[in-house]
Amino acid sequence: VHILAAHPKRWLLPAIAVAVLAGLYAHLCPATWEATQGLIVRNEAANSGEVPGKFTHSDEMKTVQETILELVKSRAVLAAALEEVGPPIDYRKAKPAFPSEGHVPWPSEWAGARDVADLQENIKLTPPKGAEFGKTEVFYLKVRDRDHTRAIALNRAICDRLLARFQELRDAKAKSMIDELL
């Protein structure tokens, strides 16, 4: 305490500098919000009657969850969710151009590739704390955005589009199996 009182410039100036930098960072960097939705995977397609909705092997559940992970990050699901929710408040390009293509090395028919890529970076699919992905039926879809209400809307839209796309995939698989049997 005696040293601190004897040499106030040695600790006061760095403390002021750190406080100013922290204040600037808090003022200039926008807050991000994270909307979380819990999801449960059930095996209703191959119900044996013994335990409705349960998987017989953990590998089956892991395969289904990996499929969901690929679908949730797919361009079709995310572009549809972005079209439903619309652009963010601070969107700089013309509103009808949303989702925008931006500067990406993909073909022009992939409209919205830049906005979709930005959204892909802000999505996580995680298991509950302490669990391993594929070992539990529950997992969480987390969507980050600068606007609280938009994060919630994106999360809902992605869940809705994911459910529809997963059902399409299951229907196509069932049709393929029926065609094989005929």
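Note that this is a predicted model, so its numbers are computed, not measured. (Residues numbered from 1 in each chain as written. Predicted model: local features only at pLDDT ≥ 70, side-chain atom pairs only at ≥ 80, totals over all residues. Heavy atoms only, no water.)

So, the confidence of the model for the protein chain
Caution applies to low-pLDDT regions: their predicted coordinates should not be interpreted in detail.
Here's step 1: Confidence in the prediction for the protein chain averages 82 pLDDT; 83% of positions are at 70 or higher.
Here's step 2: Element-level pLDDT for the protein chain is lowest in helix α1 (residues 2–6), with a mean of 83, against a maximum mean of 92 in strand β3 (residues 138–145).
Here's step 3: Here residues 102–111 scores under 50 on pLDDT; set against residues more than four positions off or in separate chains, the count is 12 contacts. (pLDDT = per-residue confidence, 0-100. Helix = DSSP H or I, 4+ residues; strand = E, 2+ residues; numbered from the N terminus. Contact = heavy atoms within 4.5 Å.)

Overview of the nonpolar core
Here's step 1: Membership of the largest hydrophobic core comes to 25 residues, with the highest contact counts inside it found for Ile68, Leu119, Ile123, Leu141, Val143 and Ile158.
Here's step 2: Contributions of two or more residues to this core are made by α3 (58–72), α4 (75–85), α5 (113–121), β2 (123–126), β3 and α6 (148–181).
Here's step 3: The leading source of residues in this core is α6, at 6 residues.
Here's step 4: Other than its neighbours up to four places away in sequence, Ile68 contacts Val41, Leu125, Phe139, Leu162 and Phe166. (Core = buried A, V, L, I, M, F, W, Y, C linked by side-chain atoms within 4.5 Å. Buried < 20%, exposed > 50% of the residue type's maximum accessible area, 1.4 Å probe, protein only.)

Overview of the pattern of salt bridges
Here's step 1: All chains considered together, the criterion is met by 5 salt bridges.
Here's step 2: Ionic pairing is found between Asp118 and Arg114, a salt bridge with its closest N-O pair at 3.4 Å. Of this pair, Asp118 and Arg114 both sit in helix α5, 4 residues apart, which is roughly one turn of the helix.
Here's step 3: On the basis of relative accessible area, Asp118 is assigned to the partly exposed category, the value being 33%.
Here's step 4: Of the residues examined, Arg114 reaches a relative accessible area of 28% and is grouped as partly exposed.
Here's step 5: Salt-bridge contacts for Asp179 lead to Lys175; the nearest nitrogen and oxygen are separated by 3.1 Å. Taken together, the residues span about one helical turn, with Asp179 and Lys175 both in helix α6 at a distance of 4 residues. (Salt bridge = Lys/Arg side-chain N within 4 Å of Asp/Glu carboxyl O.)

Thoughts on the packing of α3 against α6
Here's step 1: As a packed pair, α3 and α6 sit with axes 10 Å apart at the nearest point and diverge in direction by 120 degrees. Here α6 runs oblique to α3, going by the angle between their axes. The two elements α3 and α6 cross, and the hand of that crossing is right-handed. Residues Val64, Thr67, Ile68, Leu71 and Val72 of α3 form the contact with α6, whose own contacting residues are Ile158, Leu162, Arg165, Phe166 and Leu169. (Axes fitted to C-alpha atoms, helices over the stretch in contact; angles between N-to-C directions. Parallel < 35°, antiparallel > 145°, perpendicular 65-115°, else oblique. Left-handed = near helix turned anticlockwise from the far one by under 90°.)

Describing the sheet that holds β3
Here's step 1: Spatial ordering of the open sheet is given by β1-β3-β2, a layout of 3 strands whose pairing is antiparallel. At either margin of the open sheet sits one strand with a lone partner, and together these are β1 (33–40) and β2. Averaged over all pairs of adjacent strands, the angle between their axes in this sheet comes to 20 degrees, without regard to strand direction.
Here's step 2: Bridging between β1 and β3 involves 8 bridges; their strand directions are antiparallel. Across the sheet, residue Gly38 finds its bridge partner in β3, namely Tyr140. (Pairing = 2+ DSSP bridges.)

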